[in-house]
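# Structural overview for review
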Amino acid sequence: MVTLDYLRQKDFYKVNALLYDTVIDKYKLISNHDEGFQIDFIEEENIDYTNYEEFKFYNKKLDKILKSIQNIKSIDLNKKLDEGFIDLKSNTKTLLDKLTINSSNIHNYRSEVTKVEKTIFKSGLLHDFGKLQMEISDLKRNLPKLSTPKIIESFKVSKDMSASYEEEIRTDSPKEFKRPPIVNGFVFPIHIIDNSCVLYTGRILGPLMGHGTKEEWSFDGVKWKKKDSWITWNS
């Protein structure tokens with residue numbers, strides 16, 4: 001195991017110390033775990049995708065998305081909803097105000113409710129939203145396949161800042177980072193481009209108690225902030 005102070009002396013840690021320290025400090029349930037925590041540092045091959053063939057079609061894809069959005073906006077949904085509710089309210093009041101409600105009234109009421117339902121839900125709106133979702137999804141469906149990151153360095157860190165033992169988890173060669181490990185710890189990028197990055201956290205609170213997240217972080221010129229996160233594993 002190593003201490004966090006020992007790790008902070010590493011050159012690769014110093015380069016992105018503000019990010020690493022911010023994340024470690026934010027997740028104290030991880031960094032203060034009695035059994036310590038693991039930190040893996042990953043490196044992703046920096047490939048130039050500028051001439052990726054599919055990007056030539058992106059302007060056309062955006063044109064299709066804009067057309068679908070305009071079709072949806074042309075449906076006066078507010079009016080349909082307002083008129084639909086007025087009809088529902090009126091027909092419901094007519095039914096409930098009757099001194100005696102017979103089967104004919106029920107048939108008539110069901111028919112009127114069905115008319116409102118068709119007006120709202122069979123207006124093409126649901127179809128248009130489904131089409132729009134597919135078109136937006138297409139922007140990411142055919143993105144270039146990214147290279148698998150490699151785990152460059154791996155450490156088991158003690159929460160005891162006064163500990164003197166120093167031992168790195170070494171491997172003969174970098175391992176592929178195919179999925180976040182189910183451990184209490186962090187996976188940090190060793191190189192950061194354009195003031196944004198993806199990292200991973202894992203929290204194990206007890207046996208079969210914990211979860212991991214994939215997170216997007218960005219630097220605003222002063223500090224690092226988390227933009228978004230997704231659950232990657234649960235136990």
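Model, not experiment: these values are computed from the prediction.

Our next topic: the pattern of salt bridges. Tallied over the full model, the rule gives twelve salt bridges. Notably, a salt bridge pairs Asp-21 with Arg-8, separated by 3.1 Å at the nearest N-O pair. With Asp-21 in helix α3 (residues 17–26) and Arg-8 in helix α1 (residues 4–8), this residue pair connects regions lying 13 residues apart in the sequence. Accessibility expressed as a relative area gives 26% for Asp-21, which makes it partly exposed. Between Lys-56 and Glu-53 there is a salt bridge, with its nearest N and O atoms 3.2 Å apart. By relative accessible area, which is 59% here, Lys-56 ends up exposed. With a relative accessible area of 47%, Glu-53 lands in the partly exposed category. Among the charged side chains, a salt-bridge network with shared partners connects Glu-54, Lys-61, Asp-138 and Arg-141.

We now examine the side chain of Asp-138. Among the secondary structure elements, Asp-138 is positioned in helix α8 (residues 125–141). Not counting residues up to four positions away in its chain, the partners in contact with Asp-138 are Tyr-58 and Lys-61.

It is at 9 Å that the axes of helix α5 (residues 58–74) and α8 come closest, and there the two elements cross at 160°. One element, α5, and the other, α8, form an angle in the roughly antiparallel class. The crossing of α5 and α8 is left-handed. Residue-level contacts link Tyr-58, Lys-61, Leu-62, Lys-64, Ile-65, Ser-68, Ile-69, Asn-71 and Ile-72 of α5 to Leu-125, Asp-128, Phe-129, Lys-131, Leu-132, Glu-135, Ile-136, Asp-138, Leu-139 and Lys-140 of α8.

This part is about the pairing of strand β8 (residues 224–234). Here strand β7 (residues 209–219) pairs with β8 via nine bridges, running antiparallel. By the bridge assignment, Ser-218 is partnered in β8 with Lys-225. Linking two consecutive strands that pair antiparallel, namely β7 and β8, is a turn of four residues; a positive phi of about 100° is found at Gly-221 within it.

What follows concerns α5. Here α5 spans 24 Å end to end across 17 residues, near enough to the 24 Å set by a 1.5 Å rise per residue. Inspection of α5 places Tyr-58, Lys-61, Ile-65, Ser-68 and Ile-72 among the buried residues, and these make up the whole buried set. For α5, the buried positions fall inside an angular range of 80° around the axis, keeping them on one side. For α5, the exposed residues lying more than 90 degrees away from the buried face are Asn-59, Lys-60, Asp-63, Lys-67, Lys-73 and Ser-74. Contacts from the buried residues of α5 go to α8.

About the criteria used
Residues numbered from 1 in each chain as written. Predicted model: local features only at pLDDT ≥ 70, side-chain atom pairs only at ≥ 80, totals over all residues. Heavy atoms only, no water. Salt bridge = Lys/Arg side-chain N within 4 Å of Asp/Glu carboxyl O. Helix = DSSP H or I, 4+ residues; strand = E, 2+ residues; numbered from the N terminus. Buried < 20%, exposed > 50% of the residue type's maximum accessible area, 1.4 Å probe, protein only. Contact = heavy atoms within 4.5 Å. Axes fitted to C-alpha atoms, helices over the stretch in contact; angles between N-to-C directions. Parallel < 35°, antiparallel > 145°, perpendicular 65-115°, else oblique. Left-handed = near helix turned anticlockwise from the far one by under 90°. Pairing = 2+ DSSP bridges. Expected span 1.5 Å × (residues − 1). Arc of directions from axis to C-beta.

That is the geometry; function is a separate question.
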